[in-house]
Amino acid sequence: MYYEQLFGTIGFDGMSSLMYHNHRPTMVKEVGPCIDLAPDIAVGNNLTSRMLKGFNVKPEKDFLDSRKVMMLNSDIQIGLAAPQKSLTEYFYKNTDADEMLFIHQGTGTLRTIFGNISFEYGDYLIIPRGTIYQIEFDGSDNRILFAESYSPIYTPKRYRNWFGQLLEHSPFCERDYKLPENLETHDEKGDFLIKIKKQGMVHHLVYASHPFDLVGWDGYNFPYGFSIHNFEPITGRVHQPPPVHQTFETDSYVICSFCPRLYDYHPLAIPAPYNHSNIDSDEMLYYVDGDFMSRNNIEKGYVSLHPAGIPHGPHPGAYERSIGQKETAELAVMIDTFKPLQLTKAAIELEDPDYYKSWLEH
Ligand SMILES: [Fe+2]
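Please read these numbers as outputs of a predicted model, since none were measured by experiment. (Residues numbered from 1 in each chain as written. Predicted model: local features only at pLDDT ≥ 70, side-chain atom pairs only at ≥ 80, totals over all residues. Heavy atoms only, no water.)

## Things to note about the overall build of the protein chain
Phase 1 of the analysis: Helix and strand counts for the protein chain come out as three helices and 26 strands.
Phase 2 of the analysis: At 21 Å, the protein chain has a C-alpha radius of gyration in line with the 21 Å of a compact globule built from 362 residues.
Phase 3 of the analysis: Sorting the 362 residues of the protein chain into buried and exposed places 52% on the buried side.
Phase 4 of the analysis: If you take every contact in the protein chain between residues at least 6 apart in sequence, the share linking residues at least 24 apart comes to 75%.
Phase 5 of the analysis: Put simply, the protein chain shows about 17200 Å² of open surface, and 51% of that area lies on carbon and sulfur atoms.
Phase 6 of the analysis: Each charge sign in the protein chain was given a centre, from 31 positive and 48 negative side chains, and these centres are 2 Å apart. (Helix = DSSP H or I, 4+ residues; strand = E, 2+ residues; numbered from the N terminus. Rg over C-alpha atoms; globule rule 2.2 N^0.38 Å. Buried < 20%, exposed > 50% of the residue type's maximum accessible area, 1.4 Å probe, protein only. Contact = heavy atoms within 4.5 Å. Areas by Shrake-Rupley, 256 points an atom, 1.4 Å probe, with all protein chains shown as cover. Lys, Arg positive; Asp, Glu negative; His and termini not counted. Charge placed at Lys NZ, Arg CZ, Asp CG, Glu CD.)

## Looking at the side chain of Q246
Phase 1 of the analysis: Mapped onto the elements of the fold, Q246 is located in strand β19 (residues 246–249).
Phase 2 of the analysis: With residues up to four places along the chain from it excluded, the contact list for Q246 reads P156, R158, Y159, P171, F172, F231, V254, I255 and C256.

## Observations regarding the pairing of strand β10 (residues 108–112)
Along any regular strand the residues' side chains alternate between the sheet's two faces.
Phase 1 of the analysis: Within β10, four of the five residues are buried, which leaves the element mostly enclosed by the surrounding structure.
Phase 2 of the analysis: Across five bridges, β10 lies against strand β11 (residues 115–119) in antiparallel orientation. Paired with G108 across the strands is F119, a residue of β11.
Phase 3 of the analysis: Where β10 hands over to β11, the hairpin turn is made up of two residues, counted between the paired strands.
Phase 4 of the analysis: Pairing of β10 with strand β13 (residues 133–137), which is carried by five bridges, proceeds in the antiparallel orientation. What sits directly across from G108, in β13, is F137. (Pairing = 2+ DSSP bridges.)

## Here we look at the sheet that holds strand β1 (residues 3–8)
What holds strands together in a sheet is hydrogen bonding between their backbones, with the strands either parallel or antiparallel.
Phase 1 of the analysis: Strand order in this open sheet of three strands is β1-β2-β17, and the pairing throughout is antiparallel. Of all the strands in the sheet, the pair left with one neighbour each is β1 and β17 (214–219). Strand after strand, the sheet turns through a mean of 20° between neighbouring axes, direction not considered.
Phase 2 of the analysis: Pairing of strand β2 (residues 16–21) with β17, which is carried by five bridges, proceeds in the antiparallel orientation. The residue of β17 that forms the bridge with L18 is D218. (Axes fitted to C-alpha atoms, helices over the stretch in contact; angles between N-to-C directions.)

## Side note on the coordination of the iron ion
Phase 1 of the analysis: Around the iron ion, the protein contributes the donor atoms H276 (NE2), E283 (OE) and H312 (NE2), which lie 2.1 to 2.3 Å from the metal centre.
Phase 2 of the analysis: Each donor residue of the iron ion belongs to the same chain, and together they define the spacing H-x6-E-x28-H. Separated by 36 residues along the polypeptide, H276 in the loop between β21 (261–262) and β22 (282–289) and H312 in the loop between β23 (302–306) and α2 (318–322) bring together distant segments of the chain.
Phase 3 of the analysis: Assessed through its relative accessible area of 6%, H312 is described here as buried. (Donors = N, O, S within 2.8 Å, 3.2 Å for Na, K, Ca; no water.)

## A short note on the packing of aromatic side chains
What characterises a pair of aromatic rings is the spacing of the ring centres plus the angle enclosed by the ring planes.
Phase 1 of the analysis: Tallied over the full model, the rule gives 18 aromatic pairs.
Phase 2 of the analysis: Summarising the aromatic geometry, the rings of Y124 and F248 are spaced 5.1 Å apart at their centres and angled 80° between planes, so their arrangement reads as edge-to-face. Here F248 lies in strand β19 and Y124 lies in strand β12 (residues 123–127), a separation of 124 residues in the sequence.
Phase 3 of the analysis: An aromatic cluster is present here, built from F102, Y124, Y159, F172, Y177, Y224, F226, F231 and F248 joined pairwise through their rings.
Phase 4 of the analysis: Taking the ring centre of F146 as reference, the NZ or CZ of R67 above it sits at 4.8 Å.
Phase 5 of the analysis: The ring of Y90 carries the charged tip of K195 above its face, separated from the ring centre by 4.0 Å. (Phe/Tyr/Trp six-rings, centres within 6.5 Å; stacked < 30°, edge-to-face > 60°. Lys NZ or Arg CZ within 6 Å of the ring centre and 35° of its normal.)

## Quick look at the sheet that holds β19
Phase 1 of the analysis: The six strands are arranged β5-β23-β22-β25-β20-β19 in an open sheet whose pairing can be described as antiparallel. Whereas interior strands pair on both sides, the edge strands pair on one side only; in this sheet they are β5 (50–53) and β19. With strand direction ignored, the average angle separating the axes of adjacent strands in the sheet is 15°.

## Here we look at the pattern of salt bridges
Phase 1 of the analysis: Per the counting criterion, the structure on display carries 15 salt bridges.
Phase 2 of the analysis: With a shortest N-O distance of 3.2 Å, R50 and E351 are connected by a salt bridge. Linking R50 in strand β5 with E351 in the segment after α3 (345–349), this pair joins segments that are 301 residues apart in sequence.
Phase 3 of the analysis: Of the residues examined, R50 reaches a relative accessible area of 10% and is grouped as buried.
Phase 4 of the analysis: Taking the relative accessible area as the measure of exposure, E351 reaches 18% and is therefore buried.
Phase 5 of the analysis: Ionic contacts of the salt-bridge type, sharing partners, join the residues R67, E99, E148 and K197 into one network. (Salt bridge = Lys/Arg side-chain N within 4 Å of Asp/Glu carboxyl O.)

## Some remarks on the pairing of β22
Phase 1 of the analysis: Among the eight residues that make up β22, seven are buried, leaving the element largely enclosed by the rest of the structure.
Phase 2 of the analysis: Judged from the four bridges that link them, β22 and β23 form a sheet pairing that is antiparallel. Directly across from Y286, in β23, lies its bridge partner V303.

## Quick word on a nonpolar patch on the surface
Phase 1 of the analysis: Taken together, I10, M15, Y154 and Y220 make up a surface patch of nonpolar side chains, about 440 Å² in accessible area.
Phase 2 of the analysis: Assignment of secondary structure puts M15 in the loop between β1 and β2. (Patch = residues over 30% accessible without salt bridge, like charges linked within 9 Å, V, L, I, M, F, W, Y side chains within 5 Å.)

Following this line, the structure appears as structure tokens:
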């Protein structure tokens with residue numbers, strides 16, 4: 001006798017998988033403490049362009065302790081983490097939010113109830129809400145951009161045909177996904193701590209059987225990886241709008257990948273982009289690698305926030321610099337949220353306070 005569990009989202013309407021457990025997934029032995037992880041908000045109403053020096057975030061040994069929320073609204077929390085040790089002593093699940101972990105530095109294995117996904121520089125790891133996981137790092141110098149999403153993270157519908165297959169013009173395809181492999185089927189009983197995040201609190205529940213006890217599963221709701229290096233950029237003779245970089249979609253924000261690509265190839269094109277008024281969304285940009293043509297004085301791990309309501313655009317000198325350039329090596333992750341973002345105290349500690357004046361000509 002195996003114990004079947006339906007693992008689904010959006011009530012019974014969304015993606016789901018069926019899991020088959022060795023033991024009942026309901027055997028709670030002990031309910032321990034409940035710890036408040038709600039971030040401290042420093043700026044509730046923001047109309048200032050911001051720049052955070054992300055690599056200055058404090059490394060921490062524990063994976064959960066290392067996760068520092070930088071920006072948030074009622075749909076998403078965005079943060080940075082520099083975990084030094086693997087998460088192996090307990091299990092973790094987030095019941096409220098799908099998680100996106102973007103691996104900027106470090107390699108290792110995401111161990112989940114569905115199997116394991118090895119990761120490296122440039123991987124997005126998408127972990128549906130409710131997935132029990134651990135994470136093992138090969139070294140201690142790890143850098144992660146993370147997002148906790150209160151609506152499911154999907155790939156854009158417009159990239160898919162009526163049946164759901166990715167179309168040829170999609171910038172990625174099914175082959176690019178890193179699926180969970182090497183299912184771990186544990187049959188042990190004992191004390192297994194799962195730290196469960198719900199409503200900003202972390203509950204400590206001890207279960208009587210090993211959480212990774214599936215003998216098998218199938219379905220469409222499972223964690224997966226996708227490398228930003230496999231995103232095939234869409235380019236044109238004239239400037240292509242930011243949606244060509246879209247990688248993931250939700251009801252409340254989008255995630256875009258800015259990858260090395262050819263610049264606009266019309267003979268009279270000026271490759272640096274226009275100034276633009278993102279009236280409907282706050283734009284967070286995380287700088288991963290390469291030369292950021294439209295920005296001055298940017299380093300790896302920097303995070304910019306350009307709030308809805310005021311235009312932003314290339315820095316002085318960027319247009320001139322861009323003329324005649326054929327390609328860019330920039331690599332960046334953008335998250336555009338439809339509701340304004342608040343900033344935490346942890347974010348303000350990393351801030352360059354003069355950034356908002358950086359478009360003034362000297
Ligand atoms: Fe922008």
